[in-house]
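Report on the structure
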Amino acid sequence: MVQPSDDGPPGAQLERTMLSWRRTTVSFTAVALLLARFAVIEAPRPVALAAVAAVGLTWAVAIHLIRMRIARLTRPVRRTLPLVVTLILLYSLTGTLLLVS
């Protein structure tokens, strides 16, 4: 359970955590758009379609997991955070493969 911090009013830590998850959502969206744009511009057509589909699916799953985590901020971390980290690694791998191809 989230405990109030000593550096502000009760609930401030919870609000900061929620805002950080919102920033993560914005970052995921920006990276997804950049990867999709890069795939469409630089990759051959079949690879670009597969990359855009993979990026879109990964983005949708990440946004869903982040929204679930925001809704359950007062509960301990279970499976949501490791899944978000896995999706970040998949984005990194997709970007690397697009750069190499």
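Residues numbered from 1 in each chain as written. Predicted model: local features only at pLDDT ≥ 70, side-chain atom pairs only at ≥ 80, totals over all residues. Heavy atoms only, no water.

1. Here we look at a positive patch on the surface
Heads up, the condition is: A patch is a set of surface residues, each over 30% in relative accessible area and not in a salt bridge, joined within 9 Å for like charges and within 5 Å for the nonpolar side chains Val, Leu, Ile, Met, Phe, Trp and Tyr. For accessible areas, the Shrake-Rupley method is used with a probe of radius 1.4 Å. Any residue's cover is judged against the shown protein chains and nothing else. For this analysis, a salt bridge means a side-chain nitrogen from Lys or Arg found within 4 Å of a carboxyl oxygen belonging to Asp or Glu. For the charge count, each Lys or Arg is scored as positive and each Asp or Glu as negative, with His and the chain ends excluded. The atoms used to mark charge sites are NZ of Lys, CZ of Arg, CG of Asp and CD of Glu. Where helices and strands are cited, they refer to DSSP runs of H or I of at least four residues and of E of at least two residues respectively, numbered from the N terminus.
Positive charge collects at one region of the surface, where Arg72, Arg75, Arg78 and Arg79 lie side by side. Mapped onto the elements of the fold, Arg75 is located in the loop between helix 2 (45-71) and helix 3 (80-100).

2. What to know about a nonpolar patch on the surface
What counts, and what does not: Note on exposure labels: buried denotes an accessible area under 20% of the residue type's maximum, exposed denotes more than 50%, and partly exposed covers the range between, all computed with a 1.4 Å probe on protein chains only.
On the surface, a nonpolar cluster with roughly 250 Å² of combined accessible area is contributed by Val40, Ile41 and Val52. Within the element layout of this structure, Val40 appears in helix 1 (residues 12-42). Val40 sits in the exposed class, given a relative accessible area of 57%.

3. A look at the side chain of Thr58
Quick note on the threshold: Any two residues having at least one pair of non-hydrogen atoms within 4.5 Å are treated as being in contact.
Inspection of the secondary structure puts Thr58 in helix 2. Not counting residues up to four positions away in its chain, the partners in contact with Thr58 are Leu87 and Tyr91.

4. Description of the packing of helix 2 against helix 3
Rules: Helix axes use the C-alpha atoms of the stretch in contact, all axes being lines fitted to C-alpha atoms, and the angles between their N-to-C directions lie in the range 0 to 180 degrees. Working definition: roughly parallel below 35 degrees, roughly antiparallel above 145 degrees, roughly perpendicular at 65 to 115 degrees, and oblique for all remaining angles. Helix crossings fall into two classes, left-handed where the near helix is turned counterclockwise from the far one by less than a right angle and right-handed where it is turned clockwise. The classification used treats Ala, Val, Leu, Ile, Met, Phe, Trp, Tyr, Cys and Pro as nonpolar, Asp, Glu, Lys and Arg as charged, and all other residues, Gly among them, as polar.
In contact at an axis separation of 10 Å, helix 2 and helix 3 are set at 160° when each is read in the N-to-C sense. Between helix 2 and helix 3, the interaxial angle falls into the category roughly antiparallel. Like other packed secondary-structure pairs, helix 2 and helix 3 cross with a definite hand, here left-handed. Contacts from Ala51, Val55, Thr58, Trp59, Val61, Ala62, Leu65, Ile66, Met68 and Arg69 in helix 2 reach Thr80, Leu83, Val84, Leu87, Tyr91, Thr94 and Leu98 in helix 3. By residue class, the composition of the contact of helix 2 with helix 3 is 13 nonpolar, three polar and one charged.

5. Structural notes on the nonpolar core
Filter applied, for reference: To define a nonpolar core, start from buried Ala, Val, Leu, Ile, Met, Phe, Trp, Tyr and Cys residues and group those joined through side-chain atoms within 4.5 Å.
Counting residues in each nonpolar core, the largest one holds 19 residues, and the members touching the most others are Trp21, Phe28, Ile66, Val84, Tyr91 and Leu98. Every element with two or more residues in this core is listed here: helix 1, helix 2 and helix 3. No other element matches the eight residues that helix 2 contributes to this core. Excluding residues that lie within four positions of it along the chain, Phe28 makes contacts with Trp59, Ala62, Ile63, Ile66, Val84, Leu87, Ile88 and Tyr91.

6. Describing the environment of Trp21
Take Trp21: it is sitting in helix 1. On the basis of relative accessible area, Trp21 is assigned to the buried category, the value being 12%. Taking C-alpha positions, Trp21 is 8.2 Å from Arg69, a pair spaced 48 residues apart along the chain. Setting aside anything within four residues of it in sequence, one finds Trp21 in contact with Ile66, Arg69, Ile70, Leu73, Leu81 and Val84.

Honestly, it's all geometry; don't read function into it.
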